[in-house]
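If you want the building blocks of each chain, they are given just below.
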Amino acid sequence: RKKVFSQVQELRLLRYLRHPNVVLFYGAILDGEEMDAILVFEKITGSTLTKHMKANPGETEPRRISIMQCIAHGICYLHSFQ
């Protein structure tokens with residue numbers, strides 16, 4: 001029960017996160033009996049980071065560093081809420 005409460009609190013927090021490098025969370029549907037959850041996020045089109053990097057092996061180092069910095073900024077933003 002304590003674990004469920006913790007997860008619900010985290011879902012409540014996710015509703016307020018806004019950062020250009022973090023996918024928007026719209027909400028969740030929780031089934032208390034089955035202990036299932038359906039999470040609703042913004043739709044992102046394109047490819048995965050892994051596929052992008054493999055498809056662009058000649059991408060410049062500064063561009064790769066820029067991508068990694070964007071990821072790091074998003075992660076730092078998320079961790080600032082703990």
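Residues numbered from 1 in each chain as written. Predicted model: local features only at pLDDT ≥ 70, side-chain atom pairs only at ≥ 80, totals over all residues. Heavy atoms only, no water.

**Some remarks on the packing of aromatic side chains**
Taken as a whole and judged by the stated rule, the model has two aromatic pairs. Ring geometry for Tyr77 versus Phe81: centroids 5.0 Å apart, planes at 75°, classification edge-to-face. (Phe/Tyr/Trp six-rings, centres within 6.5 Å; stacked < 30°, edge-to-face > 60°.)

**Here's the deal with the state of the cysteines**
For the structure on display, the rule yields zero disulfides. Between Cys70, a cysteine without a disulfide, and Cys76, which holds the nearest cysteine sulfur, the sulfur-to-sulfur distance is 12 Å. Residue Cys70 is classed as partly exposed on the basis of its relative accessible area of 35%. Of the residues examined, Cys76 reaches a relative accessible area of 54% and is grouped as exposed. (Disulfide = S-S within 2.5 Å. Buried < 20%, exposed > 50% of the residue type's maximum accessible area, 1.4 Å probe, protein only.)

**With respect to the pattern of salt bridges**
A complete count under the given rule lists one salt bridge for this structure. Two residues, Glu59 and Arg63, come together in a salt bridge whose shortest N-O distance is 3.8 Å. (Salt bridge = Lys/Arg side-chain N within 4 Å of Asp/Glu carboxyl O.)

**Some points on a nonpolar patch on the surface**
Side chains of Val23, Leu39, Phe41 and Ile44 sit close together on the surface and give an oily, nonpolar patch of about 360 Å² of accessible area. Mapped onto the secondary structure, Leu39 falls in strand E2 (residues 36–41). Accessibility expressed as a relative area gives 42% for Leu39, which makes it partly exposed. (Patch = residues over 30% accessible without salt bridge, like charges linked within 9 Å, V, L, I, M, F, W, Y side chains within 5 Å. Areas by Shrake-Rupley, 256 points an atom, 1.4 Å probe, with all protein chains shown as cover. Helix = DSSP H or I, 4+ residues; strand = E, 2+ residues; numbered from the N terminus.)

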